[in-house]
Amino acid sequence: MSRKYFGTDGVRGLVGQLPITPEFVMRLGYAAGTVLVADDLRHGTLPEGERPAVLIGKDTRVSGYLLEAALEAGFAAAGVDVMLCGPLPTPAVAYLTRALRLQAGVVISASHNPFHDNGIKFFSAQGSKLPDALEQEIEARLEQPMGCLDSARLGRARRIDDARGRYIEFCKSTFPNELDLRGMKIAVDCAHGAAYQVAPAVFHELGAEVVAVGVAPNGLNINDGVGATAGESLRRAVLESRADLGIALDGDADRLLMADAEGHLYDGDQLLYVIAGHRSFAEGDGVVGTLMSNLGFEHALGRRGIAFERARVGDRYVLETLGERGWLLGGENSGHIICLDKHTTGDGIVAALQVLSALRGQRLTLAEACADLTMYPQRLINVRLPQGFAWREHSGIQAASQAAEAALDGRGRVLLRPSGTEPLLRIMVEGEAREEVQHWAEHVAAAVRHAVAAN
């Protein structure tokens, strides 16, 4: 069954336009509640006489108030109790859903997108993304009229007052008891997002002097020139405060970027390498990346004897591959890092603590921990495609791509993939020589543009 509303990370869009409208989100809450109740009845996971309950968290977007109320109404109409925790990171909702033994967790967030976007994503009772089958059931239920149970069976809502403190303690528990952060000054950029009251407290309570950045949300400034997608903000904060290290999260705090004392930035591949370098891998264990993971990262893991496998782009697919292989560590170069021995989902704060654990445990700087990792230059070019354009079957595009692969001759690679959210073809070329990478990326992009123009 094809997906109409759900993408790789829930339902997302521009607020006020389908599917992010109050009416649709209320129907989504009702549909999700109905499906979850039916699933519990099928599997006998809900004690007799008890109503199912879900947790709803959000980031700091002004539209969060509107969508939270709509979701609450939809769930209540389906007979599902709702617990509200207010602004809290996406991975915090995943953790609390599991800790409170709830049927599902829901996050209202558009992650690293600007404030005028928003989205809805779901977590299962185990704190992981909902299975595809359940999302498909929810989509099917959305095609039916919304109903409402009688008054005696309606769901109720209440607020959880200690959610923030519970999650802070959870994050701290993932850092080794024998280590602390005393003597370190750390700049922590929260992107005016969901972690603004959480992340500074975590690092401060572990002993660091914290320079807090991006902790004044006004509903409109989330991700606006700050956070994990705006590295210059972190670099500037580290240099101006003379911090030992910088940590930047995105709007819902599941993505991580770090900087060293000199202001050099480290992406997800580099940070994942630091974590992997501090761990012991049994024979057959390995690390999962994506199609966008840097070839230099893959080669560096290989020199350490660590197996590596690429998944499709998206933390959902990294998680799936980790589960299939029985591995614990994976991530994306965008900064989504998953440590399944610490959490069930990607978590920017927990990932940062794993990096800090590696550095403190080995008494290394970020630069020293990455000394044997040489990142290959990458060039990414986006070309807009008309609806339904069959680029895979176009001989000119395939010939240009094959010519680039042949020229790189094992010293690099070419990746063509369609965007999951826009009518774009993303052309990525990477290799040892920056000039060669630039040349072949432009060569393939020109072939795509020519094919589109001749269409």
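Everything discussed here concerns the structure shown above.
Small disclaimer: the values here were computed from a predicted structure and weren't measured. (Residues numbered from 1 in each chain as written. Predicted model: local features only at pLDDT ≥ 70, side-chain atom pairs only at ≥ 80, totals over all residues. Heavy atoms only, no water.)

Undergrad: Honestly, the pairing of strand E10 (residues 256-260) in this entry has me stumped. Any pointers?
TA: Of all five residues in E10, five are buried, a share of seventy percent or more. Side chains of E10 alternate between two faces, with Leu256, Met258 and Asp260 and Leu257 and Ala259 buried alike. Bridging between strand E9 (residues 245-249) and E10 involves five bridges; their strand directions are antiparallel. Considered in E10, the bridge of Leu249 is made with Leu256. Hairpin connection from E9 to E10: six residues lie between these consecutive antiparallel strands, with Ala253 at a positive phi of about 65°. (Buried < 20%, exposed > 50% of the residue type's maximum accessible area, 1.4 Å probe, protein only. Helix = DSSP H or I, 4+ residues; strand = E, 2+ residues; numbered from the N terminus. Pairing = 2+ DSSP bridges.)

Undergrad: Can you help me understand the sheet that holds strand E7 (residues 185-189) in this one?
TA: Note: strands within a sheet are paired through backbone hydrogen bonds, in either parallel or antiparallel orientation. Strand order across the open sheet formed by five strands is E8-E7-E9-E10-E11, with mixed pairing between neighbours. Each of the sheet's edge strands pairs with one partner strand only, and the pair in question is strand E8 (209-213) and strand E11 (265-266). Relative to E8, E7 runs parallel, the two sharing five bridges. Its bridge partner being in E8, Val188 is matched across the sheet by Ala212.

Undergrad: I'm lost on the packing of helix H8 (residues 268-277) against helix H11 (residues 348-362) in this one. Help?
TA: The relative placement of two packed helices is expressed as an angle between their axes plus a distance between the axes. Between H8 and H11, the shortest axis-to-axis distance is 9 Å and the interhelical angle comes to 50°. For the element pair H8 / H11, the angle class is oblique. In the packing of H8 onto H11, the handedness of the crossing is left-handed. Seen from H8, the contacting residues are Leu271, Val274, Ile275 and Gly277; seen from H11, they are Ala351, Gln354, Val355, Ala358, Leu359 and Gln362. Considering only residue class, the contact of H8 with H11 consists of seven nonpolar, three polar and no charged. (Axes fitted to C-alpha atoms, helices over the stretch in contact; angles between N-to-C directions. Parallel < 35°, antiparallel > 145°, perpendicular 65-115°, else oblique. Left-handed = near helix turned anticlockwise from the far one by under 90°. Contact = heavy atoms within 4.5 Å. Nonpolar A, V, L, I, M, F, W, Y, C, P; charged D, E, K, R; others polar.)

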